[in-house]
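Chain residues, written in single-letter form:
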Amino acid sequence: MANDSNCEYDDPPSPEKTKEPVSPLKLKPLHANGWLHDMKLSSPTAALVSNGSSGSFDPTYRAWTVSLMPHRILVVAVLIFVRGGTTVHLLLSLQKKYPSALSAFDQIVVCGKGKKMALFLDYDGTLSPIVDEPDNAVMSDQMREVVRNAALHLPTAIVSGRSRDKVFDFVKLTELYYAGSHGMDIMGPVGEHDSVTEHRRSINSSKNQGKEVKIFQAATEFLPMIDEVFRLLIDKTKAINGVKVENNRFCVSVHYRNVEEKDWQLVAECTDDVLKVYPRLRLTHGRRVVLEVRPVIDWNKGKAVEFLLDSLELANCKNVLPIYIGDDLTDEDAFKVLRDDKRGFGILVSSVPKESHALYSLMDPSEVGLMTYSATVPCYGLLEETSDVEGGRSIT
Ligand SMILES: O=P(O)(O)OC[C@H]1O[C@H](O[C@H]2O[C@H](CO)[C@@H](O)[C@H](O)[C@H]2O)[C@H](O)[C@@H](O)[C@@H]1O
């Protein structure tokens, strides 16, 4: 699948694999001018301009969500894809369309027949609409109920770029697994058959809301560095109107959504300047007018999904249908893991056409709510719960 042109997909080498920590800024010079170009491309207005318009009535969007394959062939293709057929996997990637997960709901039910579902949800832009002020990105009560209901029936995790605590403050549900800081801070159970031991920097057992939980943190040694960089970035950018630097615990977001375009170059330069002396930190670019500073480690939302599946003892199980719903570039790592695994699939939330590793699309958080509700409410008669499945729900 083709990637977005403004996407940094190449993971930098992990410190474990290199003798000296190597800065991705040195490997791939990301000069301020380069970032400025990416920043312009990723702005919501640029997306609209380049695509003409957005929404289900727009012909470009409709073409993007409509499959090139006849419906019946697609059902078979999806079915074989999920069961591991390489030819059909190829066919699916060639068609380059992202059918609406709502219109394709019947296909998804066919794919999930007799399987244990696991649901992974991004937060911003997926469960809550994108708003100008990051602290105001609240989730509706209705959406909370939908997610709570999902968690009653199947393993459900929130995988976010925000800090775990912050995303918990928004979601407020104890029934879920949480992976904050782009998956670098995970709270949930850890199974016995854990194949990710080599990544395990620390696992602490602790109490949360009276429940015993396991905490996995992939980059604890970076905490002091991230704090330091957070403070430096605040200081360096304080004169720029509208900039917001957010501490996401294991990573830092530099928001320029509310910065005048003439100052974007300055935001890029300031961030670049601070990072120059931190070769163990890298800079990535979100789809949502934000620069993300994070440790140079081989860990991302995709690894977090693998870790959680492993912890839930669903990793080596053929009878599992993991579904990941997200809207950002960082979610592509998770879409890719599911796509490469040929077990589950990603659903991209977007109101404008984009290239993605996801298999299906949804237009906005309200469609995410509808999809999650439909997938997890047995009263529709599409999904019925079996009593003999633990740690996952089986569709019969
Ligand atoms: O992985 P996510 O849960 O999608 O988090 C990614 C970033 O989301 C937040 O920023 C984005 O949403 C804000 C609120 O709608 C919006 O104002 C901002 O422009 C977006 O970039 C969050 O504030 C970041 O820290 C996350 O990294």
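To start, this report covers the structure provided alongside it. Small disclaimer: the values here were computed from a predicted structure and weren't measured.

Looking now at the state of the cysteines. Applying the stated criterion across every chain, the model contains zero disulfides. Unpaired in this structure, Cys 317 has its nearest cysteine sulfur neighbour in Cys 111, at a distance of 16 Å. Given the relative accessible area of 17%, Cys 317 is considered buried.

Further remarks concern the nonpolar core. Counting residues in hydrophobic clusters, the biggest one holds 58 residues, and the most contacted among them are Phe 120, Leu 281 and Trp 299. With 39 residues, the next largest nonpolar core counts Leu 121, Leu 127, Ala 150 and Tyr 178 among its residues.

All right, on to helix H12 (residues 301-311) then. Along H12, nine of the 11 residues are buried, which leaves the element largely enclosed by surrounding structure. Turning to H12, its buried residues number three or more, namely Lys 301, Gly 302, Ala 304, Val 305, Phe 307, Leu 308, Leu 309, Asp 310 and Ser 311. The backbone nitrogen of Gly 302 lies 2.8 Å from a side-chain oxygen of the residue at the head of H12, namely Asn 300. The positive-phi residue at the C-terminal boundary of H12 is Glu 313, with phi of around 60°.

The next point concerns the packing of aromatic side chains. Summed over all chains, the structure comprises nine aromatic pairs. With centroids separated by 5.1 Å and ring planes inclined at 70°, the aromatic side chains of Tyr 256 and Trp 264 adopt a geometry described as edge-to-face. Judged by its relative accessible area of 0%, Tyr 256 falls in the buried class. Overall, Trp 264 belongs to the buried group, its relative accessible area being 6%. Ring plane angle 85° and centroid distance 5.6 Å describe the contact between Tyr 324 and Phe 335, whose orientation is recorded as edge-to-face. Taken together, the residues Tyr 324 in strand E11 (residues 320-326) and Phe 335 in helix H13 (residues 332-341) connect sequence positions 11 residues apart. Grouped by ring-pair contacts, the aromatic residues Phe 120, Tyr 324 and Phe 335 constitute a single cluster.

This next bit is on the site of the ligand. Near the ligand lie 22 residues; those nearest to it are Asp 122, Val 131, Glu 246, Arg 257 and Lys 301. At a separation of 2.7 Å, an oxygen atom of the ligand approaches a polar backbone atom of Gly 161. Between Glu 292 and the ligand, the recorded distance is 3.0 Å, taken from a side-chain N or O atom to an oxygen atom. Within the complex, 99% of the 570 Å² of free accessible area of the ligand lies under protein. Where the shell around the ligand is concerned, the elements lending two or more residues are strand E8 (252-255) and strand E10 (290-295).

Analysis parameters
Residues numbered from 1 in each chain as written. Predicted model: local features only at pLDDT ≥ 70, side-chain atom pairs only at ≥ 80, totals over all residues. Heavy atoms only, no water. Disulfide = S-S within 2.5 Å. Buried < 20%, exposed > 50% of the residue type's maximum accessible area, 1.4 Å probe, protein only. Core = buried A, V, L, I, M, F, W, Y, C linked by side-chain atoms within 4.5 Å. Helix = DSSP H or I, 4+ residues; strand = E, 2+ residues; numbered from the N terminus. Polar contact = N/O pair within 3.5 Å; in protein donor to acceptor, adjacent residues only side chain to side chain. Phe/Tyr/Trp six-rings, centres within 6.5 Å; stacked < 30°, edge-to-face > 60°. Near = heavy atom within 4 Å. Areas by Shrake-Rupley, 256 points an atom, 1.4 Å probe, with all protein chains shown as cover.

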